[in-house]
Amino acid sequence: MIGDIFTLILLNPMINFLVILNNVLFGSFGLAIIAFTIIIRLVTFPLTLRQLHSTRSMQGIQPRIQEINKKFSDPKRRQEEIMKVYREAGVNPLGCLGPMILQFPVLIALYSAVRLALATSPESLERLSGHLYSWSFIQHGVPLQEHFIGMDLRANGGSGIGIVMVVLVGLTTWAQTKTTVTVAADDKARAQQQMMAYMMPLMFAFFALSFPIGVAVYWVVNSIVGIAFNILTYGFPLLKIEPVFKARVPAPRTPATPSTAATGPTAAAVDVQTARELRTANGLGRSKRQNRRRRP
Amino acid sequence: MKLPRALAVLPLLVLSALLFSACVSVENPQGWGSPAFTSNAIYYQESKDHISGATLAADGSASRSWVFPDKNNPADKDIQLKAIYGAPIVDGDAVYFSSFTGGVFALNKETGRPVWRLSTGFSGDVVGGVSVGGGKVAFGTTDGDVHLLDEKDGKPSVGWPAGGVHFGKGVWAAPIIAGDVVYIASMDGTVDALKLADGSRTWAKPFSASGAIAELRVLDDQHLFAPSLNKHVYILNRADGGVAQDFRANDWVWGGAAFKDNTAYFGDFSGHVYALDITTGKDKWPSIALGDDRDRVKAAPQVVGDVVVFGDRSPTIHFLSVADGSRLGPPFPVVKAGTIRADAVTLQDGSVVFLTTNGRMFKADPKTQTVVELSVNGAGK
């Protein structure tokens, strides 16, 4: 049932769009994959942007979260204080998950569309027929041309020139993780993320060995677009590139003094007071629009 | 960093990647080559990686006599067939066939050992199978080249253009050698006729359709059957490539046709079957839906007497009346046997055999409208 809905609403339109692009772009399926990936990522950019901003905001309040973790031993109290910080900063701890979850089916459909349209075997072409609309412009486009800049898009990444694509998959995935802002609450988590930054590219390069080269082309373009989005949102200090879409990062709070580290109602009141002082006219890290939404 | 905790992330990563890749499974090549029968032997694709020869006894029982490649033979160690899409062709002492990625083979029909093999010197995969005639073997590739070999030794035929004759978008249909002409269909929608001697064109210009042509058959001395993925079926004149009839089906037609009394019987991917009178271009009877939309008809049917026997992908075998398309007996579902994609074959006794993608054969009797399995002793070992 879910599979049928996924196919009807996402997969089939994407496959047909891919075939249309192929026909428009001189029958070059490689160009169609590139254009298709860029267009779909641009269409879902508002969601991506929200996710990136949420991640950035989460990262901004991490020092305060760490401070609370150190300060309060009672888990219930600690949780209350953390939630308070989230509220004051206008950050939803699940804020980055929502856009990500919404994007996930789109990304899966994007990947599946490329894989299906490639029709690596006669059986695959037969199966593709069930996904195509009956418009003659689309029907006349199949089978799609499998050669692109000297590569057979249907061949496995492990064969011949496909190795270049495997290396590119690894490199671009690594570059994407390096330009991504991560949220780590402690050193252990940070160490794990560092390890993932190296494991992910290796793993995807390994998978690319057995995937058709057309899928590797999609993956590389997808990663490059991801890198571009990351740089546009977070900037790239190494090259002195400023972010274009600036996130409202909550201002870091002054570290707690030893005297305020004591627990109790008085200390908590002081905490809240300090947090209030840090707010802007609209509230910390909050826009007028967000404030309007909060009103009953 | 504590190593165990870090390693705990790995299975999660692998699992998510596997889930991601499994979201849409892509079908691997399985092949749909139909079996070849002689009076006392069967040659068929036993599995996607093997072709077998079996002796056929008078009582109808069959026993496997050889399999190729043979896992017990070191010489076959590096041979991978990876699906056979065209029917094996028996000519003289040899069985000729092509495999998707393994090339073209000539095997001794008694022993199953290679007489010759061509695995290099061409680019692309072989989908359509081979055609044998006039001492030559023809095959086309997905890269669009049509090659002609000497039947005796598999060497490129003298006079045929070196590197083959190129057609756009690939040649998926088996070329047809008929007399001194070879007919070729291409996935760019063209059909052409070339001289066997030197590859020069015999028609003034090739026929051109707007959709890919993945199958090509000779109907009779004057006509070709050229179904297209644009849902049209073209009946072409063999003499000049002119269109005798242009018929529109409900969906893709990617299969052969049975032909009797100027009528072509075929099915499409919507599960409809047709009886097309090629002299008038009209339906002999209205098209009939065999099952639901998923029961595509890929396999060419067979006409025996007054019965036309179809197999669909579900897989089910259907008996229809040639006269009006009415059902003769209930449809016969073939359980747990894969799908029927290979063309049906008529035996000397008038029964019709379907080979499924699981390498099982089913024998349909048009007279009694019954189906029994044709088991081959020793198969699968």
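Quick caveat: nothing in here was measured; it's all calculated off a predicted structure.

Glancing now at helix α1 (residues 2-24) of chain A. Owing to its 3.6 residues per turn, the α-helix brings residues three or four apart onto one side. All names here are of chain A. Across its 23 residues, α1 extends 32 Å between first and last C-alpha, which sits within 8% of the 33 Å expected from 1.5 Å per residue. The principal kink in α1, of about 40°, is found at L8. Within α1, the full set of buried residues consists of L11, M14, I15, L18, V19 and N22. Residue F26 follows α1 closely and has a positive phi angle near 60°.

We now examine the sheet that holds strand β10 (residues 136-140) of chain B. Residues and elements named next belong to chain B. The strand order across the open sheet built from four strands is β9-β10-β11-β12, with neighbouring strands paired in antiparallel fashion. On the outer flanks of this sheet lie β9 (130-133) and β12 (165-166), each paired with one strand and no other. Pairing analysis gives four bridges linking β9 to β10, with the strands arranged antiparallel. Its bridge partner being in β10, V132 is matched across the sheet by V137.

A few words on the nonpolar core. All names here are of chain A. By size, the foremost hydrophobic cluster in this structure holds 156 residues, and its most contacted members are A117 and A216. Apart from the residues within four sequence positions on either side, A117 is in contact with I15, L18, V19, L128 and L144. Counting six residues, the second largest nonpolar core, distinct from the first, contains I61, V85, A89 and V91.

Residues and elements named next belong to chain B. Note: strand β6 (residues 94-99) against strand β7 (residues 103-108), six bridges, orientation antiparallel. Paired with A94 across the two strands is N108, which belongs to β7. Here β6 folds back onto β7, and the loop between the two strands holds three residues. Where β7 and strand β8 (residues 114-118) come together, four bridges link them in antiparallel fashion. Paired with A106 across the two strands is W116, which belongs to β8.

This next bit is on the confidence of the model for chain B. Scored by pLDDT, chain B comes out at a mean of 92, with 92% of its residues at no less than 70. Scoring the predicted complex yields pTM 0.79 and, for the interface, ipTM 0.87.

The next point concerns the pairing of strand β15 (residues 190-195) of chain B. Residues and elements named next belong to chain B. With five of six residues buried, β15 lies mostly within the body of the structure. Here five bridges tie strand β14 (residues 181-185) to β15, and the two strands are oriented antiparallel to one another. Along β15, the bridge assignment pairs V182 with L194. Taken together, β14 and the strand that follows it, β15, pair antiparallel across an intervening segment of four residues, in which G189 is found at a positive phi of about 95°. Direction of pairing for β15 relative to strand β16 (residues 207-208): antiparallel, over a ladder of two bridges. What sits directly across from T190, in β16, is S208.

What follows covers the sheet that holds β7(B). All names here are of chain B. Read across the open sheet, the four strands follow the order β5-β6-β7-β8; overall the sheet is antiparallel. Unpaired on one side and paired on the other, β5 (89-91) and β8 mark the two borders of the sheet. The mean inter-strand angle of the sheet, taken between neighbouring strand axes irrespective of direction, is 20°. Direction of pairing for β5 relative to β6: antiparallel, over a ladder of three bridges. Of the residues in β6, the one forming a bridge with V90 is V95.

Residues and elements named next belong to chain B. Relative to the assigned elements, D312 resides in the loop between β26 (307-311) and β27 (316-321). What makes D312 buried here is the crowd of 25 C-beta atoms within 10 Å. A sequence separation of 95 residues divides D312 from R217, and the C-alpha atoms of the two residues are 20 Å apart. Not counting chain neighbours up to four residues away, the residues in contact with D312 comprise G271, L290, G291, D295, R296, V297 and I340.

Between B:F68 and the following residue, B:P69, the backbone shows a cis peptide bond with an omega angle of -5°. Inspection of the secondary structure assignment puts B:P69 in the loop between β4 (62-68) and β5. Here the residue pair B:S314 and B:P315 is connected by a cis peptide bond, since its omega of -10° sits within 30 degrees of zero. Following the sequence through the fold, B:P315 ends up in the loop between β26 and β27. Positive phi, close to 35°, is recorded for A:I149, a residue that is not glycine. With respect to the secondary-structure elements, A:I149 resides in the loop between β1 (147-148) and β2 (151-152). A residue is classified by how many C-beta atoms lie within 10 Å of it, and A:I149, with 10 of them, is exposed. One non-glycine residue, B:N262, lies in the positive phi region at around 60°.

Reading guide: rules and limits
- Residues numbered from 1 in each chain as written.
- Chains lettered and ligands numbered in written order.
- Predicted model: local features only at pLDDT ≥ 70, side-chain atom pairs only at ≥ 80, totals over all residues.
- Helix = DSSP H or I, 4+ residues; strand = E, 2+ residues; numbered from the N terminus.
- Expected span 1.5 Å × (residues − 1).
- Bend = angle between axes of the 7 residues up to and from the residue.
- Buried ≥ 20, exposed ≤ 12 C-beta atoms within 10 Å, placed from the backbone.
- Pairing = 2+ DSSP bridges.
- Core = buried A, V, L, I, M, F, W, Y, C linked by C-beta atoms within 7 Å.
- Contact = placed C-beta atoms within 7 Å.
- pLDDT = per-residue confidence, 0-100.
- Axes fitted to C-alpha atoms, helices over the stretch in contact; angles between N-to-C directions.

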